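Below, each chain spelled out in residue letters.
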Amino acid sequence: MLVEHPGAVAGGATLGSRLREPRTLAAAGVAAVLALLVGLQIAASVSGFDGPLASLARDFVGTPKSMSVPWAGLVLALVGIATRRRVFALAAAIGIDAVWVALRLIDGKPFTVGNGPTIVLAALAIVAAVRWRGRERRDALKAVALGALLVLATKVGDVWLHLTSALRPTVLDEYVLLADHALGDPAWVVGRVLDVLGPEVYAVLHWVYIELPVAAIAVAVWQLRKVVTTGQWPSHYLVRTFLVLGLVGPLFYVLFPVVGPMFAFGADGHGFQVGNFWPAVMPPLDSNPAALTFDEFTPRNCMPSMHTAWALSLFIHTRRDVDGSRAPVWMRWGGAFWLAATVTATLGFGYHYGVDLVAGAVLCLTVESALRAPERGWGGFRIRLVGFGVAVFAGLLLSYRYLAVPMAQYPVAAGAIVIGLLAAVAIAFHNTWFATAPAPALERIATPAT
């Protein structure tokens, strides 16, 4: 009679649990995403605007909301499949898009693209799940999930922006204007500079501003370029930070509703603005600020500046490759350009105040510290760094709301404190993650024994 070694049973059970755990987590994640989409769709339908499922349906068989996001999602998904399959998937997406473009033009509808990559992305998920096996299947499904999450995140974000205006009928721009005086009212300064520079500079900055997801995908593809050939995934990459920031940051839109200077103090306020000041004239500073009643459709999406947070995360991830080596010159300069152009656009277009950008930067550094180098665990160094970032972020928002008048009355001292806190978080971040070259951090893909 053969007696199995007890260790073999335990080892088998452990291996089985390790194989089942990712599947369980994946199933739970899919269920959570579906529940969120359904809930937001119901909320959107009750409120009278398009929900994420309706918008997604149009990406398949109607007129896509965005031309670039579906393609960005597909390109991200392609990092997990072999080159021959990539060529076939791209050809199929281009062909399907061409057919839909022709049908729209014949019907007199505007030119747009996006149906092809959406359909191919869904087809890749089905084919990989049903037909492919082993590492090829795992790599493909993980990459497809990242691409799909990028697309779905934009759908959820659109609905959330609508809900912020419905949930918060008043905005706190008068408080933020006072707090921003401590930084020298940068939105007014940069807005005037852009007026002088003319439409060409405006066009470039506008393109950079709206195509931030495309830049992020370019960086992510560069970080994940060796997945198929090596069978290894980096333990941390840009998409993770982007998604977590998109989940956490917008929650503060309803806690601290702000619409921005071009709306609250400019001609785009639809009659609810304090006056038509921005960017030519600085409005008088009111020592008795109050919540300002605003319209029901302008998003309250200023505090914190998520464009700043995302652009800063892109900049951070273009400093080094995933193996710890220095990134190529073109990548480092590209990340620096995108951050500088995004910051200039957020201020110069009147979308944000300077203090919004400071809050967004602190949020980015805090989230990045929580996610970066997971193999190092949650030791005291990470707890202190994340805790410090959370404390500074909370302190900034509370100061903007309850100490706005003193900040305007003593701008030099208040501005020095705000910039000093941002600098302290940035220095702590750099000393923790960039002072020395880290060891390569790759997530090895387990291959079952045969």
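Residues numbered from 1 in each chain as written. Predicted model: local features only at pLDDT ≥ 70, side-chain atom pairs only at ≥ 80, totals over all residues. Heavy atoms only, no water.

## Observations regarding the nonpolar core
And step 1. Membership of the largest hydrophobic core comes to 79 residues, with the highest contact counts inside it found for Phe256, Met303, Leu314, Tyr353 and Tyr400.
And step 2. Looking at which element gives the most residues to this core, the answer is helix α17 (residues 354-371), with eleven residues.
And step 3. With residues near it in sequence (within four places) discarded, Tyr353 still touches Asp173, Val176, Leu177, Asp180, Trp188, Val258, Gly260, Pro261, Ala264, Phe265 and Leu347.
And step 4. Counting 24 residues, the second largest nonpolar core, distinct from the first, contains Leu74, Val144, Val156 and Leu163. (Core = buried A, V, L, I, M, F, W, Y, C linked by side-chain atoms within 4.5 Å. Buried < 20%, exposed > 50% of the residue type's maximum accessible area, 1.4 Å probe, protein only. Helix = DSSP H or I, 4+ residues; strand = E, 2+ residues; numbered from the N terminus. Contact = heavy atoms within 4.5 Å.)

## Looking at helix α8 (residues 186-197)
And step 1. If you check α8, its first and last C-alpha atoms are 16 Å apart, about what twelve residues at 1.5 Å a residue would give, namely 16 Å.
And step 2. Within the sequence span of α8, burial applies to Pro186, Ala187, Trp188, Val190, Gly191 and Leu194.
And step 3. Where α8 is buried, its residues touch α7 (173-180), α9 (199-210), α14 (261-264), α16 (329-348) and α17.
And step 4. Immediately downstream of α8, the backbone of Gly198 shows phi near 95°, a positive value. (Expected span 1.5 Å × (residues − 1).)

## Digging into the pattern of salt bridges
And step 1. Tallied over the full model, the rule gives eight salt bridges.
And step 2. The salt bridge involving Arg135 is made with Asp139; its shortest N-O contact spans 3.6 Å. On the criterion of helical spacing, the pair formed by Arg135 and Asp139 is a turn pair, its members being four residues apart in helix α6 (residues 134-167).
And step 3. On the basis of relative accessibility, which here comes to 3%, the residue Asp139 falls in the buried class.
And step 4. For the salt bridge of Arg372 with Glu368, the shortest nitrogen-to-oxygen distance reads 2.6 Å. For the residue pair Arg372 and Glu368, the accessibility class agrees, reading buried in each case. (Salt bridge = Lys/Arg side-chain N within 4 Å of Asp/Glu carboxyl O.)

## Topic: helix α12 (residues 238-248)
And step 1. Looking only at α12, the buried set comprises Leu238, Val239, Thr241, Phe242 and Leu245. The buried residues of α12 occupy an angular sector of 165° when projected down its axis, which confines them to one face.
And step 2. Looking at the packing, one finds that the buried side of α12 touches α3 (68-77), α6, α10 (212-223), α15 (306-317) and α17. (Arc of directions from axis to C-beta.)

## Section: the state of the cysteines
And step 1. Here the structure, examined in full by the defined rule, presents zero disulfides.
And step 2. Looking at the unpaired Cys302, the closest cysteine sulfur is the one in Cys364, lying at 18 Å.
And step 3. Taking the relative accessible area as the measure of exposure, Cys302 reaches 1% and is therefore buried.
And step 4. Residue Cys364 is classed as buried on the basis of its relative accessible area, which comes to 0%. (Disulfide = S-S within 2.5 Å.)

## Focus on the packing of helix α2 (residues 52-61) against helix α5 (residues 115-130)
And step 1. Axis separation between α2 and α5 bottoms out at 7 Å; the angle between their running directions is 100°. Overall, the two elements α2 and α5 adopt an arrangement that is roughly perpendicular. Contacts from Arg58, Asp59, Phe60 and Val61 of α2 reach α5 at Asn115, Thr118, Ile119 and Ala122.
And step 2. Its residues placed into classes, the contact of α2 with α5 shows four nonpolar, two polar and two charged. (Axes fitted to C-alpha atoms, helices over the stretch in contact; angles between N-to-C directions. Parallel < 35°, antiparallel > 145°, perpendicular 65-115°, else oblique. Nonpolar A, V, L, I, M, F, W, Y, C, P; charged D, E, K, R; others polar.)

## Topic: the packing of α3 against α6
And step 1. Put simply, α3 and α6 touch, their axes get as near as 7 Å, and they point 160° apart. Viewed along their axes, α3 and α6 adopt a mutual orientation that is roughly antiparallel. By crossing handedness, the relation of α3 to α6 is classed as right-handed. The residues of α6 that touch α3, namely those facing Val69, Pro70, Ala72, Gly73, Leu76 and Ala77, are Ala143, Val144, Leu146, Gly147, Leu150, Val151 and Thr154.
And step 2. Along the lines of polarity and charge, the residues of the contact of α3 with α6 split into ten nonpolar, three polar and no charged. (Left-handed = near helix turned anticlockwise from the far one by under 90°.)

## Notes on the side chain of Thr342
And step 1. By the secondary structure assignment, Thr342 is in helix α16.
And step 2. Thr342 gets classed as buried once you look at its relative accessible area, which sits at 0%.
And step 3. A polar side-chain atom of Thr342 sits 2.6 Å from the main-chain carbonyl oxygen of Trp338. (Polar contact = N/O pair within 3.5 Å; in protein donor to acceptor, adjacent residues only side chain to side chain.)

## Topic: the packing of aromatic side chains
And step 1. Tallying each qualifying case throughout the model produces 13 aromatic pairs.
And step 2. Considering the side-chain rings of Trp233 and Tyr237, the 6.2 Å spacing of their centres and the 45° angle between planes classify their relative orientation as tilted. Comparing Trp233 with Tyr237, the two get one shared label, buried.
And step 3. Here the aromatic rings of Phe429 and Phe434 are separated by 6.1 Å at their centres, their planes lie at 40°, and the arrangement is tilted.
And step 4. When its relative accessible area of 13% is taken as the criterion, Phe434 is described as buried.
And step 5. The side chain of Arg319 reaches across the aromatic face of Phe315, ending 4.1 Å from its centre.
And step 6. In this arrangement the basic side chain of Arg382 is found over the ring face of Trp378, its NZ or CZ atom lying 5.5 Å from the centre. (Phe/Tyr/Trp six-rings, centres within 6.5 Å; stacked < 30°, edge-to-face > 60°. Lys NZ or Arg CZ within 6 Å of the ring centre and 35° of its normal.)

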